Amino acid sequence: MSRVHRSRPVLVEEAHRASAFEIFFDLVLVFAPTRLIGFTAESLDPLPLYQGLLLLL
């Protein structure tokens, strides 16, 4: 069996906060797939699935 190497927590300054760019990027990574799933789930025809794949690329 292999050993699992766990990293130790790294102390950071207490004043470290997420920047506006980090929050925007996180929202895009959550919002985009939900919209894409909603778009492709409207119809199970092949055309919306291909369009969804094209949007994903």
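This text goes with the structure placed above it.
Residues numbered from 1 in each chain as written. Predicted model: local features only at pLDDT ≥ 70, side-chain atom pairs only at ≥ 80, totals over all residues. Heavy atoms only, no water.

Asker: What am I meant to see in the overall build of the chain here?
Answerer: Each helix and strand counted, the chain has 2 helices and 0 strands in total. Relative to a compact globule of 57 residues, whose C-alpha radius of gyration would be 10 Å, the chain shows 19 Å and is clearly more extended. Seen through its principal axes, the chain has C-alpha atoms that stretch 50 × 40 × 15 Å. Buried positions account for 7% of the 57 residues belonging to the chain. For the chain, the accessible area works out to roughly 6,200 Å², and carbon and sulfur atoms hold 66% of it. Charge-centre separation for the chain: the mean point of 5 positive side chains lies 16 Å from the mean point of 6 negative side chains. (Helix = DSSP H or I, 4+ residues; strand = E, 2+ residues; numbered from the N terminus. Rg over C-alpha atoms; globule rule 2.2 N^0.38 Å. Buried < 20%, exposed > 50% of the residue type's maximum accessible area, 1.4 Å probe, protein only. Areas by Shrake-Rupley, 256 points an atom, 1.4 Å probe, with all protein chains shown as cover. Lys, Arg positive; Asp, Glu negative; His and termini not counted. Charge placed at Lys NZ, Arg CZ, Asp CG, Glu CD.)

Asker: Quick question: what am I supposed to make of the environment of L54 here?
Answerer: One can find L54 in helix α2 (residues 46-56). The exposure class of L54 is exposed, given its relative accessible area of 64%.

Asker: What am I meant to see in the side chain of T40 here?
Answerer: Mapping T40 onto the fold places it in helix α1 (residues 20-41). A distance of 3.2 Å separates a polar atom in the side chain of T40 from the backbone oxygen of I37. (Polar contact = N/O pair within 3.5 Å; in protein donor to acceptor, adjacent residues only side chain to side chain.)

Asker: Got a minute to help me understand the packing of aromatic side chains in this structure?
Answerer: Aromatic rings in a pair are described by how distant their centres are and how their planes are angled relative to each other. Inspection of the entire model under this criterion finds 1 aromatic pair. Note on F21 and F25: the rings are 6.1 Å apart at their centroids and 25° apart in plane angle, and the pair reads as stacked. Note that F21 and F25 are positioned in helix α1 at a spacing of 4 residues, about one turn of the helix. Given the relative accessible area of 59%, F21 is considered exposed. (Phe/Tyr/Trp six-rings, centres within 6.5 Å; stacked < 30°, edge-to-face > 60°.)

Asker: Teacher, can you tell me more about a nonpolar patch on the surface here?
Answerer: Where nonpolar side chains cluster on the molecular surface, the patch consists of F21, F24, F25, V28 and L29 and spans about 540 Å² of accessible area. Residue classification places F24 among the exposed residues on the basis of a relative accessible area of 51%. (Patch = residues over 30% accessible without salt bridge, like charges linked within 9 Å, V, L, I, M, F, W, Y side chains within 5 Å. Salt bridge = Lys/Arg side-chain N within 4 Å of Asp/Glu carboxyl O.)

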